[in-house]
Amino acid sequence: MRKQFFKKLLYYGYRKLKGNLDYIRNCRSCTHIRKKDVVETLSHEPAFTEGFFFHDGTLYESSGLRDRSFLFRYSDGFRKPVPEVFLEGCVILHDRMYLLTYKNRVALVLDKDTFEITERFPYEREGWGLTTDGTHLIASDGSDRIYYLDTGFQTMDSISVRDRKGPVRHINELQYIDGIIFANVWQTNIILAIDASTGEVIRKYYIHLKSKGIRFPNLNGIAYDGEYLYLTGKYYKDIWKIRADRFLNRSGQK
Ligand SMILES: [Ca+2]
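About the cut-offs
- Residues numbered from 1 in each chain as written.
- Predicted model: local features only at pLDDT ≥ 70, side-chain atom pairs only at ≥ 80, totals over all residues.
- Helix = DSSP H or I, 4+ residues; strand = E, 2+ residues; numbered from the N terminus.
- Rg over C-alpha atoms; globule rule 2.2 N^0.38 Å.
- Buried ≥ 20, exposed ≤ 12 C-beta atoms within 10 Å, placed from the backbone.
- Contact = placed C-beta atoms within 7 Å.

(A) Layout of the overall build of the chain. Looking only at helices and strands, the chain features two helices and 23 strands. Compactness check: the chain gives a C-alpha radius of gyration of 18 Å against a globular reference of 18 Å for 254 residues, within 12% of the reference. Viewed in the frame of its principal axes, the chain has a C-alpha envelope of about 55 × 45 × 40 Å. Each of the 254 residues in the chain was classed as buried or not, and the buried ones make up 38%. Put simply, of all contacts in the chain between residues at least 6 apart along the chain, 47% involve residues at least 24 apart.

(B) Region of the structure containing unusual backbone geometry. Although it is not a glycine, aspartate 178 adopts a positive phi angle of roughly 45°. With 9 C-beta atoms counted inside 10 Å, the residue aspartate 178 sits in the exposed group. Even without a glycine there, the phi angle at tyrosine 235 is positive, about 60°. Examined against the element boundaries, tyrosine 235 turns out to sit in the loop between β22 (228–233) and β23 (238–243).

Read these as geometric descriptors, not functional statements.
Following this line, the structure appears as structure tokens:
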């Protein structure tokens, strides 16, 4: 029984590694983001990063895991535990905070200042990333699909994320900027720039940045303050502030 379990575990590990290596190998056209692109390194609150975004110049973060979820605001260090659910993607739209949960089948609305839960909506999909175009909530669920939701978490539309080889799965944390959705691909160092209306992958980025002391690198977290992009990962010690032109240069790739 035990032997079988380890065999399965090994096979799973092999499949996972092979999948990621294949993906990285196919990243020949990637834009490479390196240390020289970082203008400042900021300290990251120890968090299992899920949601990561700016609102009115303030950085917010939601941290996941069962019994250990919490919300954090960087401007004043305000931290609120939400242990009853596994928090996932998070965003503020029209002054209200919206949150997904991983498998709790509930989505939440919170007071953006106090982080008190004000409304709960049934939500059948897994919750992964969440961002906004200023009108809709935009959500991922770990598949290749990205969903456009109204503020009651009802699905209005969806797109499939596709590159030249077909659908790209494991779309995780999201950041909408001017018609483009930037997305982490789970358990890779790849960030995608996705056309927000068609789902087509416009560009790929390979992030060469590493946080010291991290045994299982899991880049997750893209935020934008209108001038710079900020990247981090689950329990990474660093937040890297990066010149936005490295990501937003639409004229071509380097
Ligand atoms: Ca984000």
